[in-house]
Amino acid sequence: MLSTTELTDLDREHLWHPYTSFTNPSPVFPVRRAQGVHIELSDGKKLIDGMSSWWSVLHGYNNPVINKAITDQLHQFAHVMFAGFTHEPAAQLAKTLVDITPAGLNKVFFSDSGSVAVEVALKMAIQYWYSQGETQRTTFLALRRGYHGDTFGAMGVCDPHSGMHHLFHQSLSRHLFADEPECKFGEPFDERSFSNFSHLLQRNRQKIAAVILEPIVQGAGGMHFYSPIFLQRVRELCNKMNVLLIADEIATGFGRTGKLFACEHANISPDIMCLGKALTGGYLTLAATLCNDTVSDGICRGKNSIFMHGPTFMANPLACAAANASIDLLLKNDWQKKVSNIEQQLKKELEDCRTMPAVADVRVLGAIGVVELKEAANLAELQPKFVELGIWIRPFGKLIYLMPPFIINETELRVLTTGIKTVVRSLA
Ligand SMILES: Cc1ncc(COP(=O)(O)O)c(C=O)c1O
């Protein structure tokens, strides 16, 4: 077993972390174990988790039910190729996803990660139109401030300027971007906020394969919550213009926004939906792209009846078993009450931040609490301060936000909100 120093030395020498530099790395904290909402560092310090490991861990760490589901499956088989074989964990999971997602999403394609689920969705849309003989339909209409992942197709539909991928801009396919929805969640809808989207879609309908967006919450692009009426208008116009709609629910799926899927806020069903992150309760990497019968029939009855995608680890049985157990736990354990309690507490306790000089805005939706600063946060400075306070919060850009596991209790959540207030107050 490595000592802490050996571990950090090896890490420093060889390991690349997400969005970091080797020459000027931000600190990393060695983890020894994690249990419930606590992440324990190698020096024994316990941190209350405010991030759900990038929005994926719903039921906390080391959950006995999910552990057992994975171990039981492990004793059967860890993996088999999905070409030519099928298995119970995948079939069960597909049935559950079809049952709990918005009406009409009947077909499920499993893949490895959120970004790949987005690639699959884009390919489904292109292949659908190809099969109809509309081979010119290869452009996507996305939203500014949107984020859909780090692979090339996904990067191509992320905001080209303010997003994280502007440096690759010249190498990406050219798509269309409508103004971000400025109408906020919970505020009266202003029809003018839809005019740019409407104009772009009507003008380019002949070449657009699909609209892609994050429903209600634009996450990594700034944690903005927008009006469900905007989403309803998008659905209506896509129907009218005969353009497919892809909802990227990778961050919002499985209850995070207070509805099981964010599309439910607008009472709409997309043609294609991407799921990932919380799908396995944050245990293993798995994603799903669902589509309706129009899309699957369109692809499979067309010129090229085979859908051209097939990852090696498609429908990995361990990951599917974890997902089945996680969704079961979610549905059985009154997730709505839990998320609603978290929402009420976040609203009450983060409100104090609003009057702090460093703060531009405070907003809460479901189990997401955001404190937006006037200036970008200094991660290298703030992260150790949070760790010192025994909490795990990782700011990005101007945002300090919380997305705790749903099992967090009132006292633990108060430690997180108090920690944020202490640190944000010190910024003044
Ligand atoms: C909305 C959305 N789509 C796609 C992705 C990419 O998912 P992954 O990191 O699993 O590739 C993310 C990740 O943050 C996301 O928030």
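(A) The overall build of the protein chain, seen in detail. The helix and strand inventory of the protein chain stands at 13 helices and 16 strands. Taken along its principal axes, the extent of the C-alpha atoms in the protein chain is 60 × 55 × 45 Å. For the protein chain, buried positions account for 53% of its 428 residues. Taken as a whole, the protein chain presents about 19,100 Å² of accessible surface, with 54% of it coming from carbon and sulfur. Charged side chains of the protein chain number 40 positive and 42 negative; the gap between the two group centres comes to 4 Å.

(B) Local environment of the site of the ligand. Around the ligand, the neighbouring residues are Trp-55, Ser-113, Gly-114, Ser-115, Tyr-147, His-148, Gly-149, Glu-214, Asp-248, Ile-250, Ala-251 and Lys-277. Between the ligand and Lys-277 there is a distance of 3.0 Å, counted from an oxygen atom to a side-chain nitrogen or oxygen. About the coverage of the ligand: the protein hides 82% of its 390 Å² of free accessible area. Among the residues forming the shell around the ligand, the class breakdown is 4 nonpolar, 5 polar and 3 charged.

(C) Here's a closer look at the sheet that holds strand S12 (residues 287-292). Within the open sheet, the 7 strands sit side by side as S4-S12-S11-S10-S7-S5-S6. Their pairing is mixed. In the strand order of this sheet, the two ends are held by strand S4 (105-111) and strand S6 (176-178), each with one partner. Geometrically, the sheet is characterised by an average inter-axis angle of 20° between neighbouring strands, direction not taken into account. Sheet analysis places strand S5 (residues 139-143) next to strand S7 (residues 208-213), joined by 3 bridges and oriented parallel.

(D) Here's a closer look at the layout of surface pockets. What the second largest pocket holds in volume is close to 300 Å³. The wall of the second largest pocket is formed by Arg-145, Pro-181, Glu-182, Lys-184, Phe-185, Glu-187, His-224, Phe-225, Asp-361, Val-362, Arg-363 and Val-364. Counting residues per element, the ones that place at least two in the lining of the second largest pocket are strand S9 (224-225) and strand S13 (359-365). Of all the elements, S13 adds the most residues to the lining of the second largest pocket, at 4 residues.

(E) Broad picture of the side chain of Glu-372. Relative to the assigned elements, Glu-372 resides in strand S14 (residues 368-373). Polar contacts involving the side chain of Glu-372 include one to the side chain of Arg-363, which spans 2.7 Å. Excluding anything up to four places from it in sequence, Glu-372 contacts His-224, Val-359, Ala-360, Asp-361, Arg-363, Lys-398 and Leu-399.

(F) Spotlight on the pairing of S13. Burial analysis of S13 places 5 of its 7 residues in the buried class, the great majority of the element. As consecutive antiparallel partners, S13 and S14 are separated by 2 residues, and within that stretch Gly-366 has a phi angle of approximately 55°, a positive value.

(G) Representation of the sheet that holds strand S1 (residues 31-35). Judged by pairing direction, the sheet is mixed, and its 4 strands sit side by side in the order S1-S2-S3-S15 without closing on themselves. The two strands at the open ends of the sheet, each matched to only one other strand, are S1 and strand S15 (391-392). In terms of strand pairing, S1 meets strand S2 (residues 38-41) through 4 bridges, oriented antiparallel. Among the inter-strand pairings, Arg-33 is bridged to a residue of S2, identified as Glu-40.

(H) Spatial organisation of the packing of helix H5 (residues 114-131) against helix H9 (residues 293-300). Look at H5 against H9: their axes get within 8 Å of each other, and the N-to-C directions meet at 55°. By the angle class used here, H5 and H9 are oblique. Considering how the two elements wind past one another, H5 and H9 form a crossing that is left-handed. Here H5 contributes Met-124, Gln-127, Tyr-128 and Ser-131 to the contact with H9, which in turn contributes Thr-294, Val-295, Gly-298 and Ile-299. Along the lines of polarity and charge, the residues of the contact of H5 with H9 split into 4 nonpolar, 4 polar and no charged.

(I) Just the nonpolar core, in detail. Core analysis: the biggest nonpolar cluster contains 126 residues, and Leu-97, Phe-197 and Phe-254 have the highest contact counts within it. Residue contributions to this core peak at 10 residues, all from H5. Residue contacts for Phe-254: discarding those within four places in its chain leaves Leu-58, Leu-97, Ile-100, Leu-260, Phe-261, Leu-275, Gly-276, Ala-278, Leu-279, Ile-327, Leu-330 and Phe-406. If you look at the next biggest cluster of nonpolar residues, it comprises 7 residues, including Ala-69, Ile-70, Leu-318 and Leu-329.

(J) Inspection of the packing of helix H4 (residues 88-100) against helix H10 (residues 317-332) at higher detail. The interhelical angle for the contact between H4 and H10, taken along N-to-C directions, is 40°, at an axis separation of 8 Å. One finds that H4 runs oblique with respect to H10. In this structure, the crossing between H4 and H10 has a hand that is left-handed. For the pair H4 and H10, the contacting residues are Pro-89, Ala-90, Gln-92, Leu-93, Thr-96, Leu-97 and Ile-100 in the first and Pro-317, Cys-320, Ala-321, Ala-323, Asn-324, Ile-327 and Leu-331 in the second.

(K) Local environment of the packing of aromatic side chains. Within the structure shown, the criterion is met by 13 aromatic pairs. Ring geometry for Phe-396 versus Tyr-401: centroids 5.7 Å apart, planes at 80°, classification edge-to-face. Overall, the relative accessible area of 27% leaves Phe-396 in the partly exposed class. The class for Tyr-401 is buried, based on a relative accessible area of 1%. A network of ring pairs unites the aromatic residues Phe-194, Phe-197, Tyr-226 and Phe-230 as a single cluster. Geometry around Trp-129 places Arg-137 over its ring, the cationic atom sitting 3.7 Å from the centre. Directly above the ring of Trp-55 sits Lys-277, whose terminal nitrogen or CZ lies 4.7 Å from the centroid.

Criteria and thresholds
Residues numbered from 1 in each chain as written. Predicted model: local features only at pLDDT ≥ 70, side-chain atom pairs only at ≥ 80, totals over all residues. Heavy atoms only, no water. Helix = DSSP H or I, 4+ residues; strand = E, 2+ residues; numbered from the N terminus. Buried < 20%, exposed > 50% of the residue type's maximum accessible area, 1.4 Å probe, protein only. Areas by Shrake-Rupley, 256 points an atom, 1.4 Å probe, with all protein chains shown as cover. Lys, Arg positive; Asp, Glu negative; His and termini not counted. Charge placed at Lys NZ, Arg CZ, Asp CG, Glu CD. Near = heavy atom within 4 Å. Polar contact = N/O pair within 3.5 Å; in protein donor to acceptor, adjacent residues only side chain to side chain. Nonpolar A, V, L, I, M, F, W, Y, C, P; charged D, E, K, R; others polar. Pairing = 2+ DSSP bridges. Axes fitted to C-alpha atoms, helices over the stretch in contact; angles between N-to-C directions. 1 Å grid on protein atoms, 1.4 Å probe; cavity = no way out; pocket = protein on both sides within 12 Å on 5 of 7 lines; lining within 4 Å. Points joined across faces, edges and corners; volume = space filled by probe spheres on them. Contact = heavy atoms within 4.5 Å. Parallel < 35°, antiparallel > 145°, perpendicular 65-115°, else oblique. Left-handed = near helix turned anticlockwise from the far one by under 90°. Core = buried A, V, L, I, M, F, W, Y, C linked by side-chain atoms within 4.5 Å. Phe/Tyr/Trp six-rings, centres within 6.5 Å; stacked < 30°, edge-to-face > 60°. Lys NZ or Arg CZ within 6 Å of the ring centre and 35° of its normal.

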